[in-house]
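# Summary of the model geometry
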Amino acid sequence: MSENTQRRLAAIVSVDVVGYSRLMGADETGTLAAFRLHREELIDPKIAEHGGRVVKTMGDGLLLEFPSVVNAVKCSIDVQTAMAARNGDVAKARRITFRIGINLGDIIIEGEDIHGDGVNVSARLQEVSAVGGLALSGIAREGLGSLLHVEFEDGGQQQFKNIARPIQVWRWTPEQPAAAKTLAPVSDKPSIAVLPFANMSSDQEQEYFADGMTDDLITHLSNVDGLFVIARNSVFTYKNVNVKVQDVGAELGVRYVLEGSVRRGGDVVRINAQLIDAATGGHIWADIFDRRMEDIFALQDEVTGEIVAALKAAFGSALETQSRQAPTANQAAYDIYLRAQQATRQLDMENLSAALSLFQEAITLDPGFADAYAGDAWAAALVWRASFIDILSSSEARSRAEQSIARALSLQPGHAGALQVRVLFLSMDGRSDEALAMMREIVAAEPNNAKARYRLANVLNNIGRPAEALTELEAALLLDPKPDILSQDFMMSVYYGNELYEKSFAIAREVEALSPKSFLGHNGVICSGARLGCLEEARAALAENLKLFPPYNVQLFVVYSQNYAPSYREDLLGAMRMAGVPEWPFGFQGDEANRLNGTEIEKLFLGRSIRGESERIGWFELIVDNAGNYRKANQKKVPAVAGKITVEDDRVCFQSPDNLLGRKCLSPVYRDPANSVSGQQAYVFPTQGEILRFSVPS
């Protein structure tokens, strides 16, 4: 030991930035700037306040030294508590969070640096700390005595890599919103996350195949009795990101992580897979599999079987795999199906159109492929739900979805994917009891199906049972703590239905950041923001929706929310009006003195051929027979709409299976004297998407 080397007892703090590689990969400049700001405004001042010093900085963390463990713990708690608040308005994907390990031990000082067993133990402790919390060694906990009124959770004795003796662990986690907390496994059974398999093929177009392999393994493992499996969307947030397995375990609340790669060349597939203990980073099992494409499903069975065997040996638990039938014997159909699934996830019109074509190709190659029919049903239902009439009219989209549902269920009774599409239709049709019963059956049959649990929560909330919905939401979050945008929309709704407006608002802001071209996040900010009094944010979200769809209005939501419980629906409508959402497209307001009554509306429309103008669709032509059957064409190149006109409550009622889910759309009609010309009486009326003006002979 040199003359400059000294030893002393100190409190050592290891701070790790959770998911640092993922954050840097997503936004290197923004991450560095945010971390620098946190240090300047919070971390460094707190360290100085408590008498500590920064020994050194690493790219993904800090090493700190304090003269006492009391100061070290107080500083760490202050930082973690403040960070939870600072992250409140930051999208989850961009939050900087820390895991902190604290040890009291002997250190070796060499210049400004420190070394020794005490430092190594603190580094191992931060690996088992909760995200946003801290972990202490037993000796550090003893050093606190009763000087701090803080509750710690006993983490038991743990054996760490390169540490000879077991270390007693104590943990602390601050109170913070559920969305920001580290999740624990749903039970004491083995829990696993399958990270996206890397595509090692020379052809990058094979990315869909690697993703499909990951999907299938998740599905296969989800059918293992006694195994808790994280859903697809949560694990795919780690795609193409270098990440610590310990971070994955902490963020997703799992004990085991499966990672690997896929290489496909011609008819040959190689899978390299390894199972890792997320608590220690140790490898439990690894293997390489070389198979031909026609053996791909047998290969998936083999990989799953070896994982289960390894988990049985490691966990000492009874796990039982269920036999399954290969989804298709036609490899070309399976390949096209994977491409279709990838396109469906994009949710936009172009990709949904492509997905429908691809599903039909797969079905043509194998008419007995149940998964392809279920996928086709879901894509068609999405087209129906979004009213993408440039692809299919509402009636055509629904008919296609219903036919595909029936075919999938005839081939595979109880197919969860097909049944969930049926639940969507039952819910939208107001058949809530049937929808709820079917969703409960799906969840009971597939308890690891996170999407099913999110949809069950949504069904319960929409029919006016928010407390039950919240229970199901919490179960879904355990399976899929980083859900896709549609499931996040369900989260917003459930939190809103339970009057947890702060949580609904936080999720909505996150969805806005992740998908600024989607209505979902903006709608959430509008409603929950209005209820919180955050009218500036609500009106900013309204401005974004008006950019996306200038006719955006309250009455459009009236049509789409007809299946909601009355109290829930009125609450949402009230919030929209508080935020200033226009009642009708383009802020239209009719003159009540010139409003037509029901008898006048019947005389004006029935047995008439009317031609008029709309700023949005150009000219339109409305042909109505004496019984109220109508056909409407317009200047835009979209299919003509046919349906029925009636009069209800002194309003004209349009209902067409070709548009707006086939629901009733009611509108007042007004005389428009300012635009009348000699011999012609002008009229104007708003619909849910446009303002129509026309004239008829007086």
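Residues numbered from 1 in each chain as written. Predicted model: local features only at pLDDT ≥ 70, side-chain atom pairs only at ≥ 80, totals over all residues. Heavy atoms only, no water.

### Topic: the environment of K664
What counts here: To qualify as a helix, a DSSP run of H or I must reach at least 4 residues; to qualify as a strand, a run of E must reach at least 2; elements of each kind are numbered from the N terminus. Think of it in three bands: residues with accessible area under 20% of the maximum for their type are buried, residues over 50% are exposed, and the middle band is partly exposed, with areas taken using a 1.4 Å probe on protein chains only. Pairing of N or O atoms within 3.5 Å defines a polar contact, subject to two protein rules: one partner must be a possible hydrogen donor and the other a possible acceptor, and residues neighboring in sequence count only if both atoms are side-chain atoms.
Here K664 shows up in the loop between β19 (651-655) and β20 (665-667). Overall, the relative accessible area of 35% leaves K664 in the partly exposed class. Sequence separation between K664 and F654 is ten residues, and the spatial gap between their C-alpha atoms is 5.9 Å. Within the local environment of K664, its side chain forms a polar contact with the side chain of E648, the two groups lying 2.8 Å apart.

### Topic: the pattern of salt bridges
Basically, it comes down to this: Any carboxyl oxygen of Asp or Glu that lies within 4 Å of a side-chain nitrogen of Lys or Arg is treated as forming a salt bridge with it.
Within this structure, the stated rule accounts for 32 salt bridges. Of the charged contacts, one joins K46 and D78 as a salt bridge, the two residues approaching to 3.6 Å between their closest N and O atoms. Of this pair, K46 sits in helix α2 (residues 28-49) while D78 sits in helix α3 (residues 69-86), placing them 32 residues apart in sequence. Residue classification places D78 among the partly exposed residues on the basis of a relative accessible area of 27%. Residue R431 pairs with E434 through a salt bridge whose shortest N-O separation is 2.8 Å. Owing to a relative accessible area of 39%, E434 belongs among the partly exposed residues under this scheme.

### Some points on the packing of aromatic side chains
Put simply, the test is: Side-chain rings of Phe, Tyr and Trp, where Trp is taken by its six-membered ring, are said to pair if the distance between their centres is within 6.5 Å; with planes under 30 degrees apart they count as stacked, over 60 as edge-to-face, and otherwise as tilted. Charge over a ring is defined by NZ of Lys or CZ of Arg lying within 6 Å of the ring centre and within 35 degrees of the ring normal.
Inspection of the entire model under this criterion finds 18 aromatic pairs. Ring plane angle 20° and centroid distance 6.2 Å describe the contact between F519 and Y552, whose orientation is recorded as stacked. Here F519, found in helix α20 (residues 519-532), pairs with Y552, found in the loop between α21 (535-548) and α22 (554-560); they are 33 residues apart in sequence, far enough to count as distant. Summarising the aromatic geometry, the rings of F605 and F685 are spaced 5.6 Å apart at their centres and angled 85° between planes, so their arrangement reads as edge-to-face. Linking F605 in helix α24 (residues 598-605) with F685 in strand β22 (residues 680-686), this pair joins segments that are 80 residues apart in sequence. Across the pair, F685 and F605 agree in class, each one buried. Taken together, the ring pairs connect F605, Y630, F654, Y683, F685 and F694 into an aromatic cluster. Seen from the ring of W170, R141 lies directly overhead, with NZ or CZ sitting 5.8 Å from the centre.

### Some thoughts on the confidence of the model for the chain
How we decide: The predictor attaches a confidence to each residue, called pLDDT, with possible values from 0 through 100. Residues count as neighbours in contact if any of their non-hydrogen atoms are within 4.5 Å of one another.
Mean pLDDT over the chain: 85, with 93% of residues reaching 70 or higher. Ranking the helices and strands of the chain by mean pLDDT puts strand β21 (residues 670-671) first, with 96, and helix α9 (residues 296-315) last, with 71. Considering only residues more than four positions removed or in separate chains, one finds that residues 176-187, a stretch of pLDDT under 50, has 26 contacts.

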